[in-house]
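Tertiary structure, described
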Amino acid sequence: MEPEDLELLYQIENNPALWKVGVTNVPYSRYLLRDYLARATGDIFTDRQVRLVVENEEGTAVGLIDMMNYEPQHHRAEVGIVIREPYRHQGLGTAALEQLKQYAREIIHIHQLFAYVDTANEESLRLFQKAGFQRTAILNDWLFDGQDYHPVCLMQLFF
């Protein structure tokens with residue numbers, strides 16, 4: 001990520017609709033996000049995560065894709081992806097996930113990528129299945145939206 005990506009990061013991190021599928025439930029200030037961008041090395045071995053901007057063919061930043069919770073001993077990392085609403089259903093998530101898979105397999109030598117997907121999020125389930133991830137477990141009451149608990153599907157891809 002570049003300093004120019006601050007507004008994209010600010011919009012995504014402060015979207016309450018996304019909080020229910022992640023581990024964050026507080027808004028972030030531009031100051032904190034600017035500091036995060038300045039401190040992130042972009043090196044998965046140092047930060048245990050790498051966050052990449054997804055762009056369309058015109059070079060417009062349309063979302064983010066992450067490898068996080070990287071475990072070098074076990075050669076695995078969690079995947080997260082967000083494509084902003086106006087850019088969905090254009091194949092951008094699929095393309096970004098394919099590039100991330102190639103990077104994980106060929107450069108980082110990951111054995112396993114995994115994602116936790118709300119069982120009601122059919123679009124994300126289809127995206128990960130299309131990319132070769134398999135549904136391997138259901139984790140009940142995994143996400144709490146402030147009123148209800150929701151199960152997630154553990155999606156795994158092995159290289």
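Structure: see above.
In this report, the structure presented in the accompanying data block is examined. (Residues numbered from 1 in each chain as written. Predicted model: local features only at pLDDT ≥ 70, side-chain atom pairs only at ≥ 80, totals over all residues. Heavy atoms only, no water.)

Concerning helix H5 (residues 92-108)
Counted at 1.5 Å a residue, the expected span for H5 with its 17 residues is 24 Å, and the 23 Å between its end C-alpha atoms agrees. Listed in full, the buried residues belonging to H5 are Leu92, Gly93, Ala96, Leu97, Leu100, Lys101, Ala104 and Ile108. End-on, the buried residues of H5 take up no more than an arc of 165°, which puts them together on one face. His109, located one to two residues past H5, shows a positive phi value of around 60°. (Helix = DSSP H or I, 4+ residues; strand = E, 2+ residues; numbered from the N terminus. Expected span 1.5 Å × (residues − 1). Buried < 20%, exposed > 50% of the residue type's maximum accessible area, 1.4 Å probe, protein only. Arc of directions from axis to C-beta.)

Overview of the pairing of strand E5 (residues 134-144)
Judged from the seven bridges that link them, E5 and strand E6 (residues 149-158) form a sheet pairing that is antiparallel. By the bridge assignment for E6, Ala137 is matched with Leu154. As consecutive antiparallel partners, E5 and E6 are separated by four residues, and within that stretch Gly146 has a phi angle of approximately 105°, a positive value. (Pairing = 2+ DSSP bridges.)

Some words on the sheet that holds strand E1 (residues 50-55)
Read from one edge to the other, the open sheet built from six strands follows the order E1-E2-E3-E4-E6-E5, with strand pairing classed as mixed. Looking along the sheet, the strands with just one partner apiece sit at the ends: E1 and E5. Averaged over all pairs of adjacent strands, the angle between strand axes in this sheet comes to 25°, irrespective of strand direction. Inspection of the sheet shows strand E4 (residues 112-118) paired to E6 by seven bridges, in the antiparallel sense. (Axes fitted to C-alpha atoms, helices over the stretch in contact; angles between N-to-C directions.)

Points about the pattern of salt bridges
Counted under the stated rule, the structure contains seven salt bridges. Note that Arg30 and Glu7 form a salt bridge whose closest N and O atoms lie 2.7 Å from each other. Pair noted here: Arg30 is in helix H3 (residues 30-39) and Glu7 is in helix H1 (residues 6-13), with a separation of 23 residues, a long-range link. Take Glu7: its relative accessible area is 36%, and that puts it in the partly exposed class. Notably, a salt bridge pairs Glu106 with Arg105, separated by 3.7 Å at the nearest N-O pair. Within the structure, one salt-bridge network assembled from shared partners comprises Glu13, Arg51 and Asp66. (Salt bridge = Lys/Arg side-chain N within 4 Å of Asp/Glu carboxyl O.)

Regarding the side chain of Asp118
The topology assignment puts Asp118 in strand E4. Here Asp118 falls in the buried class, since its relative accessible area comes to 13%. In terms of polar contacts, Asp118 uses its side chain to reach the backbone amide nitrogen of Ala120, at 2.8 Å. Beyond its immediate sequence surroundings of up to four residues, Asp118 is in contact with Leu125, Leu143, His150, Pro151 and Val152. (Polar contact = N/O pair within 3.5 Å; in protein donor to acceptor, adjacent residues only side chain to side chain. Contact = heavy atoms within 4.5 Å.)

Section: the nonpolar core
Within the largest apolar cluster, 30 residues are counted, with the highest numbers of intra-cluster contacts made by Met67, Leu97, Leu113, Phe128 and Phe133. Elements represented by at least two residues in this core include exactly E1, strand E2 (61-71), strand E3 (76-83), H5, E4, helix H6 (122-130) and E6. For this core, the leading source of residues is H5, giving six residues. Aside from chain neighbours lying at most four places away, what touches Phe128 is Val79, Ile81, Leu97, Ala115, Val117, Phe133 and Met155. In terms of nonpolar packing, the next biggest core, distinct from the first, is built from eight residues, Leu6, Leu8, Leu33 and Leu64 among them. (Core = buried A, V, L, I, M, F, W, Y, C linked by side-chain atoms within 4.5 Å.)

By themselves, these figures tell us nothing about what the structure is for.
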